[in-house]
Amino acid sequence: MRPLALGVDLGGTNARAAVVDASSGEILAAHKVPLRDRSPERVADVVREALREAAAAAGIAPAAAGRVGVGVAGQCLGTTGVVLNAPNLGWRDVPFGELLSAALSVPVKVANDLAVAAWGEKRFGAAKGLDDVLLVFVGSGVGSGIIVRGHLHDGATGVAGELGHVKVRPSRPDTKARRCGCGELGCLEAYTSGMNVATRVREELAAGARSAVRDLAQGDLARVDAILVDAAHRAGDAYAVALWEEVGELLGTAIANLVTLLNPARLILGGGVLLGCPALGGVVRHHFDAAVSRSATRGLTVERAWLGDDAGVIGAALLE
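Residues numbered from 1 in each chain as written. Predicted model: local features only at pLDDT ≥ 70, side-chain atom pairs only at ≥ 80, totals over all residues. Heavy atoms only, no water.

Draft legend 1. Examining the environment of T13 more closely. Inspection of the secondary structure assignment puts T13 in the loop between β1 (4-10) and β2 (14-21). Counting along the chain gives 21 residues from T13 to P34, while the straight-line C-alpha distance between them is 5.9 Å. When near neighbours in sequence (up to four residues on either side) are disregarded, T13 contacts P34, L35 and R38. (Helix = DSSP H or I, 4+ residues; strand = E, 2+ residues; numbered from the N terminus. Contact = heavy atoms within 4.5 Å.)

Okay, structure coming up:
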């Protein structure tokens, strides 16, 4: 009989639950439910619904797996199950593990979504067979997952790997640093995530900036996103070229610093902005190569994430 595990990927808009074959990483059944009410109690109900549907599709009872792993787009306090800060959900200091465990009557383990994605890639993806790995995702947010000597590294209190919240601009209130969703000023994510790039471009176009991005969006600023900026860059648009140079330098240097610090065997890149914007990816790689310590790149390989959107539920299901 195949060993089964239950995993949940909890984002800002949906909860996706899956039944995973723990011996192969195969997703046997999955179910996604939208989050219309982001209160912790209602989200727990939605997760329970998603798990029930996924388990039913796999022909098992939710309790059959023994426990549930959850990846949350936010900062989590070690093994306590407390979500310290999840901006997309509007949560601070929420004991979600305890809340969900009571709703399901099974133990629940909660961790950062990119930490569990890194663990999924370690077990059955681009990091399989490697013990020292750095995963960096740039999408609606920015973050990383770290594998050290074959184990997920989450730090003394569980918040290691928060690449998006390293400071890249002065964080004093008297500066013009952009405010991040975490509430702080000057974070990398505030300047480089897809959501924040789109917000900035809309602001600047509304203030009179000239760019082909406006034409690509057919004059509708609500349609502006990183993909359109990348297309404008490839067409030689001066505004997009300058913006991607700034964003690419910030991302490339930050990733280079992490590689220099951690000395991984493999760097895994993922997320809709990094993988969906080839022009930006080239700028990031240029600045990465310029900034990284040569000694840290001996034997380093760079790989795209293999598991895509499945990395989170697979990694969550297999959390140790």
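That was the structure; now back to the text.
Draft legend 2. View of the sheet that holds strand β7 (residues 91-94). Within the open sheet, the 3 strands sit side by side as β5-β6-β7. Their pairing is antiparallel. Looking at strand neighbours, the two that pair on one side only are β5 (75-77) and β7, the edges of this open sheet. On average, adjacent strands in this sheet sit at an angle of 20° to one another, irrespective of strand direction. The pairing of strand β6 (residues 82-86) with β7 spans 3 bridges and is antiparallel. Each bridged residue has a counterpart across the sheet, and for V83 the counterpart in β7 is V94. (Pairing = 2+ DSSP bridges. Axes fitted to C-alpha atoms, helices over the stretch in contact; angles between N-to-C directions.)

Draft legend 3. The arrangement of the nonpolar core in detail. Core analysis: the largest hydrophobic core is formed by 47 residues, its most contacted members being V201 and W244. Where this core is concerned, the elements lending two or more residues are β9 (133-138), β10 (142-148), α4 (188-192), α5 (194-206), α7 (226-234), α8 (238-262), α9 (272-276) and α10 (278-291). The greatest single-element share of this core, amounting to 12 residues, is contributed by α8. If we ignore the near neighbours within four places in the chain, the residues touching V201 are V213, V224, V229, Y239 and L243. One finds L6, V46, L104 and V108 within the second-largest nonpolar core, a separate group that totals 33 residues. (Core = buried A, V, L, I, M, F, W, Y, C linked by side-chain atoms within 4.5 Å. Buried < 20%, exposed > 50% of the residue type's maximum accessible area, 1.4 Å probe, protein only.)

Draft legend 4. Local environment of the packing of aromatic side chains. Summed over the entire model, instances satisfying the criterion amount to 1 aromatic pair. With a centroid separation of 5.0 Å and 40° between ring planes, the pair formed by W91 and F96 is classed as tilted. A single burial state applies to W91 and to F96, both of which are buried. When the ring centre of Y191 is taken as reference, the NZ or CZ atom of R169 above it lies at 5.2 Å. (Phe/Tyr/Trp six-rings, centres within 6.5 Å; stacked < 30°, edge-to-face > 60°. Lys NZ or Arg CZ within 6 Å of the ring centre and 35° of its normal.)

Draft legend 5. Representation of the side chain of E162 within the structure. With respect to the secondary-structure elements, E162 resides in the loop between β11 (151-152) and α4. One buried charged residue, E162, remains without a salt bridge, the closest side chain of opposite sign being K167 at 9.8 Å. (Lys, Arg positive; Asp, Glu negative; His and termini not counted. Salt bridge = Lys/Arg side-chain N within 4 Å of Asp/Glu carboxyl O.)

Draft legend 6. Broad picture of helix α11 (residues 310-317). With 7 of its 8 residues buried, α11 lies for the most part within the structure. Every buried residue of α11 is listed here: A311, G312, V313, I314, G315, A316 and A317. Where α11 is buried, its residues contact β1, β2, β3 (27-34), β4 (68-72) and α3 (113-124).

Draft legend 7. The pairing of β3, seen in detail. Two elements, β2 and β3, share 7 bridges in a ladder whose sense is antiparallel. Across the sheet, residue A15 finds its bridge partner in β3, namely V33. Here β2 folds back onto β3, and the loop between the two strands holds 5 residues, one of which, G25, carries a positive phi near 80°.

Draft legend 8. Representation of α7 within the structure. When α7 is considered as a whole, its buried residues turn out to be A226, L228, V229, D230 and A232. Put simply, D225 is the residue that caps the front of α7, since its side-chain oxygen is 3.2 Å from the backbone nitrogen of I227. Note on α7: the residue one or two positions beyond its end, G236, has a positive phi of about 85°. (Polar contact = N/O pair within 3.5 Å; in protein donor to acceptor, adjacent residues only side chain to side chain.)

So yeah, pure geometry; function would need other evidence.
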